[in-house]
Amino acid sequence: MTTLERPAPTAPPRATLSGQKLPLYALPLLVVGVVVVTLLLFALTGFAGAAGFVVVTGLLYTAAQTALSFWVEGRRQAVDRLCTTLVYLAFLLAVLPLVLITWYTVRQGIGVLSREFLTTSMFRVDPEQPGGGIYHAIVGTLIQSLLATAIAAPLGILAAIYLVEYGGRRPFARAVSFFVDVMTGVPSIVAGLFVFTTWILILGFQKSGFAGSLALFILMLPIVIRSTEEMLKLVPADLREASYALGVPKWRTILKIVLPTALAGIVTGVMLGVARIAGETAPLLLLVGLNQKVEYNPFAGRIDQNPQASLPTLIYEQFGIAVGNTEAPAFQRAWGAALVLIIIIGLLNATARLIARFARVRG
Amino acid sequence: MSDQPTPGTSTTPDVPGGSDVSGAAVRPGDRVFRGISFAAGATVLVTMAAIAAFLIYKSIPALRANTVNFLTFQQWFPDKQPSMFGIGALLYFTLVTSLLAMVMAVPVAIGIALYITYYAPRRASQSLGYFVDLLAAVPSIVYGLWGFAFLARNMTGLTLWLDKWFGWTVIFNYQPTNEPNNLSPFTAGVVLAIMILPIISSISREVFRQVPRDQVEAALALGATRWEMIRTAVLPFGRAGVTSASILGVGRALGETLAVTLVLSSVYEVNLHVTESGGVTFASNIALKYGEAGEIGTGALIASGLCLFIITLAVNFTAGLIIRRQRVA
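Here the structure is a predicted model, which is why all the values come from computation and not from measurement.

A. Representation of the confidence of the model for chain B in the model. Residue and element names in this part refer to chain B. Within chain B, residue pLDDT values average 86, and 91% of them lie at 70 or more. Averaged pLDDT values over the elements of chain B bottom out at 82 in helix 3 (residues 122–137) and peak at 93 in helix 2 (residues 88–119). Counted against residues more than four places away or in other chains, residues 1–24, with its pLDDT under 50, gives 32 contacts.

B. Highlighting helix 3 of chain B. Taking 1.5 Å per residue, 16 residues should reach 22 Å; helix 3 of chain B reaches 24 Å between its end C-alpha atoms and fits that length. On its buried face, helix 3 of chain B sits against helix 3 (75–109), helix 10 (250–278) and helix 13 (329–358) of chain A together with helix 2 and helix 6 (185–209) of chain B.

C. Main features of the interface of chain B and chain A. Taken together, the contact pairs 75 residues of chain B with 78 residues of chain A. Top contributing element to the side of chain B that touches chain A by residue count: helix 1 (residues 28–65) of chain B, with 18 residues.

D. Molecular detail of the domain arrangement of chain A. Residue and element names in this part refer to chain A. Taken domain by domain, chain A comprises domain 1 (26–109) and domain 2 (116–358). Taking only C-alpha atoms into account, the centre of domain 1 sits 41 Å from that of domain 2. Counting residues at the interface gives four residues for domain 1 and six residues for domain 2. By residue class, the composition of the side of domain 1 that touches domain 2 is one nonpolar, three polar and no charged.

E. How the structure looks around the packing of helix 6 (residues 171–184) of chain A against helix 1 of chain B. Axis separation between helix 6 of chain A and helix 1 of chain B bottoms out at 9 Å; the angle between their running directions is 55°. Our classification of the angle between helix 6 of chain A and helix 1 of chain B gives oblique. Here helix 6 of chain A runs over helix 1 of chain B; the crossing is left-handed. Touching A:A175, A:V176, A:F179, A:V180, A:V182 and A:M183 of helix 6 of chain A are B:G41, B:V44, B:L45 and B:M48, all from helix 1 of chain B. Classifying every residue of the contact of helix 6 of chain A with helix 1 of chain B by side-chain character gives nine nonpolar, one polar and no charged.

How each quantity is defined
Sequence order as written defines residue numbering, which begins from 1 separately in each chain. Following the order in which they are written, the chains are lettered starting with A and the ligands numbered starting with 1. pLDDT decides what is reported in this predicted model: residues at 70 or higher carry local features, side-chain atom pairs at 80 or more are listed and counted, and totals for whole chains, interfaces and linings draw on all residues regardless. Every residue carries a pLDDT, the predictor's confidence in it, which falls somewhere between 0 and 100. Helix and strand definitions follow DSSP, with helices as H or I runs of at least four residues and strands as E runs of at least two, each counted in order from the N terminus. Any residue pair is listed as a contact if its two C-beta atoms, each placed from the backbone, are within 7 Å. The span expected for a helix works out to 1.5 Å for each residue beyond the first. Domain boundaries shown here were taken from an automatic or database domain assignment. In this count, Pro and Cys sit with the nonpolar residues alongside Ala, Val, Leu, Ile, Met, Phe, Trp and Tyr, while Asp, Glu, Lys and Arg are called charged and the others, Gly among them, polar. Between N-to-C directions, angles span 0 to 180 degrees; the directions come from axes that are lines fitted to C-alpha atoms, helices contributing only their stretch in contact. Each angle receives one of four descriptions, namely roughly parallel if under 35 degrees, roughly antiparallel if over 145, roughly perpendicular if within 65 to 115, and oblique otherwise. Each crossing gets its hand from how the near helix is turned against the far one by less than a right angle, where anticlockwise is left-handed and clockwise is right-handed.

Structure, rendered in structure tokens:
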């Protein structure tokens, strides 16, 4: 009986193409182990701090996991696991500041938010003391953004129509297309300086909400052109050809067929453009100036009238008044205004995404 | 889109475009509409040309009045007698903060793009993309406030740690004996890195999405692990796109104003130690000095703006060329 040979029970040959793999429970177990080791390490060496703990744990885990995988699964799997961990870490690293900024802004800003804060101005309010509101700045920001959009949207859409429908591969169209890309990268402060030079220094106008709108227009134009262009390209050529076949002139085809088909996408692009410029600060700082009163007229800018305020410049102004003292009422006010500004921009973004989702370009 | 034969009415008005798809090409409505849209396209070129022309025109008097070397002088006293100003410090700190931002942002942005395109569950991938793009929706002044009030206050440990272990690299050396306040180029670099993450990662994401499906699946079919697939199929394909995305990101960082202005404590002196407080960039200098600038001071600021314009133009030009070459290939 004892002569009957049995295969060694320790290593049954497995009919599988894959190599040795870490069992599913290995990694959670490893996490627990690493956390315990790090805690011990911190207790023994006197390191402290939550940030340090997270960093050390992350590094130890990455190293331990790679070593374990190398030992069990071999080099290739180990490298794969290492890179997977790094990619996940990269994503977490991007989420971290977003969460931190949102959390910090809400925490700092929520305290001053009130009905009064949203509906009154800073007129005859001592900025060193609590109180007052940002209504004048909200009005200014909305009017200036609207004005800029009113100029940039039609011009941008027309330019995109030229690029897609008429330009083709002409040198002029290619030059325009190239400079749209370059224009996207013009720093906002340079746009502000340009308007300052022409509108105020050379043409002799005063600082005003409208001057700010002009700079915002320069920043918004390339965004609108680029997004509209992408949308017009999505309109199927069949639609245009069907229209031509019915004898409709090209310009009517564009106005009645192409634009309505792409409308939702174009609106989305414009809204994203507005969201982009609503938070611009630098050009407004040069062009609009400060005012504590509500001013509905964007052209106001004479000696007897103060120009419009705006949210970003108000934040900068209050920051300056606080002189780095984070407890000062002005600093709190700056955070409140920042929160309102973020909410406005967030709403614009969300609306744009919703429009994009519910009304895609239909072929 | 050039799949429509376009009428040549504006370039050759004497030839009636007979063989046009839309029938009679010389309808007045067509001509008017074409003219209007042509003019709208031309505004882009006109605006760009006007920016260059007017900035040059207004900076010449100030540059004439300047008594020191504009390119190397580090201080900024344009309204003094004699007028002395130069972009030495501005140029240095602008480049340093942008480079720091790029070094920190590019690897993370590539990681994010890879995560969204090849690691995340497919259904979540689009919303994750929006999520990262939200970083781009935060206004730069809010980044500035946050950098000043939160980040700088919490970087002391990192600054001292870098000094202890990497002080020998000179750049992370922290020499002052007082507690670091972190209003330094390094902190500004971190803020800028966060700000340019979305632009780099969204362009990289688009490029990674365009990797031919066949190549990805061929690599996987040959038994490549996911990382080997990315290394052999995705990264080589995306190299040009990622490069130009990084350059565009740097272009954004170069001209960023308020975030940097609020974080840096302005010191007009070139300092190799990036964690020590101080520093001033083209943009922050303009934001700080425009209020008190006299006639020559304004011209001097315009001259520095012109330099910034030229630098960003060159940077974006390069990025555009790389993208275009990739599109052709």
